[in-house]
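# Examining the three-dimensional arrangement
As a plain string of letters, each chain reads:
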Amino acid sequence: MTSKKNAAETPTEDASSSAAAAHVVAPVPTETQTEKQAVIDTSTAPDDDPQRLEFTSDKGASRSTWVAALLVLLIVGWMGSGFVIPSEDTDPVVAREDPKPVAVAVTTSMAETVTQFYQAEGQALPDRDTTMRAETSGDIAEVLVSKGQDVSAGDIIARFDPTNNDADANRASEALIQAQREFDNAQQLLDRGVATTDRVVQARSALASAQAQVTAVEQAAEALTITAAFDGRIETLNLDEGEFVSAGTEVGRLVDITPLTVAIQVPQQSLTGLSVGQPATVRFITGEEREGVLTFVGTSAASETRTFLAEIEVANEDGAIPAGVSAEVVIPTGEVTAHFLSPSIVSLDAEGALGIKTVNTDNVVEFYEIEVVKAQIDGIWVTGLPESVDIITVGQGFVNETETVAPMAGEQSE
């Protein structure tokens, strides 16, 4: 019985083992697959037969898949509806308007006749300036002038001691008398036929030598007196009574400042505007202002500066203006028709040329190149513009050439 019982129980255990093995976990489904579950059909299987595995679909999983697919279709359809079905409340397209012309201020300018000037810095020089030197050697007997004194041409400055010269003069005079006597005797003897021609020639030569010696002594006597060569002022004087002075020694300086000469250096590009005889205004650093005349224009440039020397003569009869002071020279060089403008309205074109922006009768911006012919503290005079022109004084930096603008009357910008 025991063996039968065990035999009877064995199928039951096998069936239990088979049922446990029948619980197989299905693989994880993908998004496009339907999840399946393994179950055991126990209703139809006999107790003594192994149970079979059957796979059926999960209705819940199938429903989720259809819902997801429907949502995808709805989203795609909604996104594409904007291209297929136009929206009824689309905003209308607004067309852009053309920009309005820029408003600028303009001022009408009329050309005027203006005098051009050449200006330069120079230095006042004396009309004549000379160094006085001793022409002979000797002791100074007397000094008749002092430093800073005005003298006239021929005035005696100083005298040398004439003692040595007087002795030389007496000696030369006696030698001349003797030479003259010998010549006269030789000539008489020749006329009588006693003397020869050679003796007469020798006597004549000795007479000429004696005469030359007398002349030299007379010139030496004149050199004993130092005189002024021209009207002027004793600028320096290096003489004292009793002092020995050698020939050629500098004893003083004589300066003439009536008139004064103002020297300036003229650059090459300005030389053609200057000519002798032009009037000039000279302002000295001392505050004096005098009228002068251009008396000299150089024809050879200085090698160091490549400039030409020009001189202006200025009257200075009272001697109030000293030599050596600085001076400003203004020389009118001609007249030109120009416009007076403020430097603040000057512009540059694309090439960097200096010019002015204007407005024509069609309210179109035009650019004129200009040339500055005269500069003042309050403005500049320029050429290159028409005789009458509307100049942009405010807003020229915001408009370009050929651009249409809205001009309005305005004051010239300072």
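The shown structure was predicted, so the numbers you read here are calculated from the model rather than taken from an experiment.

## A few points about the pattern of salt bridges
- Applying the stated criterion to the full structure yields 9 salt bridges.
- Arg290 is the salt-bridge partner of Glu288, the closest N and O atoms lying 3.7 Å from each other.
- Note that Asp318 is salt-bridged to Arg290, the shortest N-O span being 3.7 Å. Taken together, the residues Asp318 in the loop between β14 (308-314) and β15 (326-341) and Arg290 in strand β13 (residues 289-297) connect sequence positions 28 residues apart.
- A residue is classified by how much of its surface remains accessible, and Asp318, at 55% relative accessible area, is exposed.
- A residue is classified by how much of its surface remains accessible, and Arg290, at 17% relative accessible area, is buried.
- Each member of the salt-bridge network shares a partner with another, and the members are Arg283, Glu289 and Glu328.

## Things to note about the nonpolar core
- In terms of nonpolar packing, the biggest core is built from 23 residues, with Val262, Ile264, Val282, Phe284, Ile312 and Val329 touching the most fellow members.
- Those elements that place two or more of their residues in this core are β4 (112-133), β11 (250-266), β12 (279-284), β13, β14 and β15.
- Top contributing element to this core by residue count: β11, with 6 residues.
- Excluding residues within four positions of it along the chain, Val329 makes contact with Tyr118, Gln119, Ala120, Val262, Ile264, Ala280, Thr281, Val282 and Ile312.
- Ranked by size, the runner-up nonpolar core spans 18 residues in total, among them Ile234, Leu237, Leu239 and Val251.

## Structural notes on the side chain of Gln278
- As for its placement among the helices and strands, Gln278 is situated in the loop between β11 and β12.
- For Gln278, the side chain forms a polar contact with the main-chain oxygen of Gly273, separated by 3.2 Å.
- In contact with Gln278, not counting residues within four places along its chain, are Gly273, Gly292, Val293, Leu294, Ile331, Pro332 and Thr333.

## Description of helix α3 (residues 163-192)
- When the terminal C-alpha atoms of α3 are compared, their 45 Å separation across 30 residues agrees well with the 44 Å that a helix rising 1.5 Å per residue should span.
- Looking at the buried residues of α3, the elements they touch are α4 (197-223).
- Just past α3, the residue Gly193 takes up positive phi, approximately 90°.

## Section: unusual backbone geometry
- In this structure, the amide linkage connecting Thr258 to the following residue, Pro259, adopts the cis form with an omega of 5°.
- Within the secondary structure, Pro259 sits in strand β11.
- Unusually for a residue other than glycine, Arg306 sits at a positive phi of about 60°.
- A residue is classified by how much of its surface remains accessible, and Arg306, at 45% relative accessible area, is partly exposed.
- Although it is not a glycine, Asn363 sits at a positive phi angle of roughly 60°.
- One can find Asn363 in the loop between β17 (354-359) and β18 (365-369).

## What about the pairing of strand β20 (residues 379-383)?
- Within β20, 5 of the 5 residues are buried, leaving the element largely enclosed by the surrounding structure.
- Covered by surrounding structure in β20 are Gly379, Trp381 and Thr383 together with Ile380 and Val382, the residues of both alternating faces.
- Bridging between β15 and β20 involves 3 bridges; their strand directions are antiparallel. Looking at the pairing, Phe340 lines up with Trp381 of β20.
- In terms of strand pairing, strand β19 (residues 371-376) meets β20 through 5 bridges, oriented antiparallel. Bridged to Lys374 within β20 is Trp381.
- Here β19 folds back onto β20, and the loop between the two strands holds 2 residues.

## A short note on the environment of Gln213
- In this structure, Gln213 sits in helix α4.
- The class of Gln213 is partly exposed, set by a relative accessible area of 43%.
- It is 5.9 Å that separates the C-alpha atoms of Gln213 and Ala172, two residues lying 41 residues apart in sequence.

## Digging into α4
- When the terminal C-alpha atoms of α4 are compared, their 40 Å separation across 27 residues agrees well with the 39 Å that a helix rising 1.5 Å per residue should span.
- Those residues of α4 not exposed but buried are Val200, Ala203, Leu207, Ala210, Val214, Val217 and Ala223.
- Where the residues of α4 are buried, they touch β7 (156-160), α3 and β8 (225-227).

Conventions adopted
Residues numbered from 1 in each chain as written. Predicted model: local features only at pLDDT ≥ 70, side-chain atom pairs only at ≥ 80, totals over all residues. Heavy atoms only, no water. Salt bridge = Lys/Arg side-chain N within 4 Å of Asp/Glu carboxyl O. Helix = DSSP H or I, 4+ residues; strand = E, 2+ residues; numbered from the N terminus. Buried < 20%, exposed > 50% of the residue type's maximum accessible area, 1.4 Å probe, protein only. Core = buried A, V, L, I, M, F, W, Y, C linked by side-chain atoms within 4.5 Å. Contact = heavy atoms within 4.5 Å. Polar contact = N/O pair within 3.5 Å; in protein donor to acceptor, adjacent residues only side chain to side chain. Expected span 1.5 Å × (residues − 1). Pairing = 2+ DSSP bridges.

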